[in-house]
Amino acid sequence: MKHLSVTSHAIERFRERLRPDLTPERAREELLRLARGAGEATWEKPWPSLRGNQRYLVIGFGVALAIKEHRHKPGKLIAVTCVTNDAFRVRR
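Summarised in this report is the structure supplied together with it. The residue numbering used here restarts from 1 in each chain and proceeds along that chain's sequence as written. This being a predicted model, a pLDDT of at least 70 is required before a residue's local features are given, and a value of 80 or more before pairs of side-chain atoms are given or counted; all residues contribute to the totals for chains, interfaces and linings. Hydrogens and water are ignored here; the side-chain numbers use all heavy atoms of the structure.

So, the packing of helix H1 (residues 8-17) against helix H2 (residues 24-36)
If you want to describe how two helices pack, look at the angle between their axes and the distance between the axes. Where we set the bar: Axes here mean lines fitted to C-alpha atoms, for a helix over just the part in contact, with angles spanning 0 to 180 degrees between N-to-C directions. Helix and strand assignments follow DSSP, with helices taken as H or I runs no shorter than four residues and strands as E runs no shorter than two, numbered in order from the N terminus. Throughout, the term roughly parallel applies to angles under 35 degrees, roughly antiparallel to angles over 145, roughly perpendicular to angles from 65 to 115, and oblique to all others. The criterion used for residue contact is that any of the two residues' heavy atoms lie within 4.5 Å. Any residue that is not Ala, Val, Leu, Ile, Met, Phe, Trp, Tyr, Cys, Pro, Asp, Glu, Lys or Arg is counted as polar, Gly included; the first ten are nonpolar and the last four charged.
Interhelical geometry of H1 versus H2 gives an angle of 95 degrees and a closest axis separation of 9 Å. Comparing the axis directions of H1 and H2 gives the class roughly perpendicular. When H1 is examined against H2, the residues Ala10, Ile11, Phe14 and Arg15 are found in contact with a partner set consisting of Pro24, Ala27, Arg28, Glu30, Leu31 and Leu34. Tallied by class, residues from the contact of H1 with H2 come to seven nonpolar, no polar and three charged.

As structure tokens, this is what we get:
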């Protein structure tokens, strides 16, 4: 997906839920790499348990980014958080 940025919150959740071994910068790079190969964001929720009215970009099996449009830059999208189907979350 082009024109996507990720918030620090999305990076933190990605590290917490899936890749605690990555530094924040490496996690950001990995999220952007996965998003580039993911296609388009959809309004359809990847799992019924998700709430809210936003688009999601599925970036892997059991992993999605919640996406919003940038307030001041039309066409620019922001990943605001990383959500997982609980079955795929890293357990510590």
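So, the environment of glycine 52
The test is simple: Think of it in three bands: residues with accessible area under 20% of the maximum for their type are buried, residues over 50% are exposed, and the middle band is partly exposed, with areas taken using a 1.4 Å probe on protein chains only.
Assignment of secondary structure puts glycine 52 in the loop between H2 and strand E2 (55-60). For glycine 52, a relative accessible area of 45% gives the class partly exposed. Taking C-alpha positions, glycine 52 is 9.7 Å from alanine 66, a pair spaced 14 residues apart along the chain.

Notes on the side chain of glutamate 30
Short version of the rule: N or O atoms within 3.5 Å of each other form a polar contact, as long as, within protein, one can give a hydrogen and the other can take it, and as long as residues adjacent in sequence are counted only when both atoms are side-chain atoms.
On the secondary structure map, glutamate 30 appears in helix H2. We classify glutamate 30 as buried; its relative accessible area is 18%. Engagement of the side chain of glutamate 30 in a polar contact is seen with the side chain of arginine 33, the distance being 2.7 Å. Those residues in contact with glutamate 30 that sit more than four places away from it in its chain are Phe14, Arg19 and Leu22.

Things to note about the nonpolar core
Using the following cut-off: Within this scheme, the nonpolar core is defined by two criteria: the residues are buried Ala, Val, Leu, Ile, Met, Phe, Trp, Tyr or Cys, and they are joined through side-chain atoms within 4.5 Å.
If you look at the biggest cluster of nonpolar residues, it comprises 19 residues, and the most contacted ones within it are Leu4, Phe14, Leu31, Leu57, Ile59, Leu65 and Ile67. Listed by contribution, the elements that provide at least two residues to this core are strand E1 (4-6), H1, H2, E2, strand E3 (63-69) and strand E4 (77-84). When residues of this core are assigned to their parent elements, the largest contribution, four residues, is made by H2. Counting residues in each nonpolar core, the second largest holds six residues, with Trp47, Leu50, Ala64 and Ala66 among its members.

Overview of the sheet that holds E3
The strands making up a sheet associate through hydrogen bonds between their backbones, and the pairing can be parallel or antiparallel. What counts, and what does not: Strands pair, by our definition, only if DSSP identifies at least two bridges between them.
Taking strand neighbours across the sheet as the criterion, the four strands line up as E1-E4-E3-E2 in an open arrangement whose pairing is mixed. The strands lining the two open edges of the sheet, one partner per strand, are E1 and E2. Strand after strand, the sheet turns through a mean of 40 degrees between neighbouring axes, direction not considered. Of the strand pairs in this sheet, E1 and E4 are connected by three bridges, and their pairing is parallel. Pairing of leucine 4 across the sheet is with leucine 77, part of E4. Seen against the sheet, H2 touches E1, E2 and E3 and runs at an angle of roughly 150 degrees to E1.

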